[in-house]
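Descriptive structure summary
Chain by chain, the residues:
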Amino acid sequence: MVQNMSVPPASRAELSLIDQHAAGLIADAMFALSAPSRVQILGCLLDGPLAAGEITELLGMEQSAVSHQLRVLREAELVEAERHGKRRLYKLSGDAVRELLTAARHLAGQSQLGGSRRQEAAGAMDG
């Protein structure tokens with residue numbers, strides 16, 4: 001159930017249209033979010049930057065699949081990559097992506113922030 005999402009009615013003159021360029025960018029981002037594995041990768045990055053190998057371990061996916069999904073997310077500008085020595089760390093590209101994921105988790109009924117799998121994996125390594 002969606003709560004606190006009421007928007008006051010607007011007259012036709014007050015409606016703002018999305019221009020063609022912006023609509024294309026939004027559609028690209030929505031396409032990138034259309035695969036559950038890409039959404040899971042973004043969820044892993046809520047707690048901070050990770051290398052592809054770390055994402056692979058957290059999600060139990062093949063390295064090649066994670067690399068492919070990260071490329072799609074980079075092309076949609078939802079994820080950025082930074083070189084740290086020989087490693088490349090991936091992070092969310094900004095607060096808007098974090099807010100979008102937070103809202104989507106809320107709508108899905110999963111309000112806990114952060115990567116619970118990351119926390120579970122860290123706990124498994126400790127004990």
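Residues numbered from 1 in each chain as written. Predicted model: local features only at pLDDT ≥ 70, side-chain atom pairs only at ≥ 80, totals over all residues. Heavy atoms only, no water.

Before going further, it helps to spend a moment on the pairing of strand 3 (residues 87–92). Here two bridges tie strand 1 (residues 50–51) to strand 3, and the two strands are oriented antiparallel to one another. Of the residues in strand 3, the one forming a bridge with alanine 51 is leucine 89. With six bridges joining them, strand 2 (residues 79–84) and strand 3 adopt antiparallel strand pairing. Note on strand 3: the bridge partner recorded for histidine 84 is arginine 87. (Pairing = 2+ DSSP bridges. Helix = DSSP H or I, 4+ residues; strand = E, 2+ residues; numbered from the N terminus.)

This part covers the packing of helix 2 (residues 36–44) against helix 4 (residues 63–75). Two elements in contact, helix 2 and helix 4, have axes whose closest approach is 10 Å; the angle formed by their N-to-C orientations is 80°. With respect to helix 4, the axis of helix 2 lies roughly perpendicular. Of the residues in helix 4, those in contact with Ser37, Arg38, Ile41 and Leu42 of helix 2 are Val66, Gln69, Leu70, Val72 and Leu73. (Axes fitted to C-alpha atoms, helices over the stretch in contact; angles between N-to-C directions. Parallel < 35°, antiparallel > 145°, perpendicular 65-115°, else oblique. Contact = heavy atoms within 4.5 Å.)

Closest axis-to-axis distance for the helix 2/helix 3 (residues 52–59) pair is 10 Å, and the angle between their directions is 115°. Between helix 2 and helix 3, the angle is such that the two are roughly perpendicular. Helix-helix and strand crossings are classified by hand; for helix 2 and helix 3 the assignment is right-handed. Across the interface between the two elements, Gln40, Ile41 and Cys44 from helix 2 touch Ile55, Leu58 and Leu59 from helix 3. Tallied by class, the residues present in the contact of helix 2 with helix 3 amount to five nonpolar, one polar and no charged. (Left-handed = near helix turned anticlockwise from the far one by under 90°. Nonpolar A, V, L, I, M, F, W, Y, C, P; charged D, E, K, R; others polar.)

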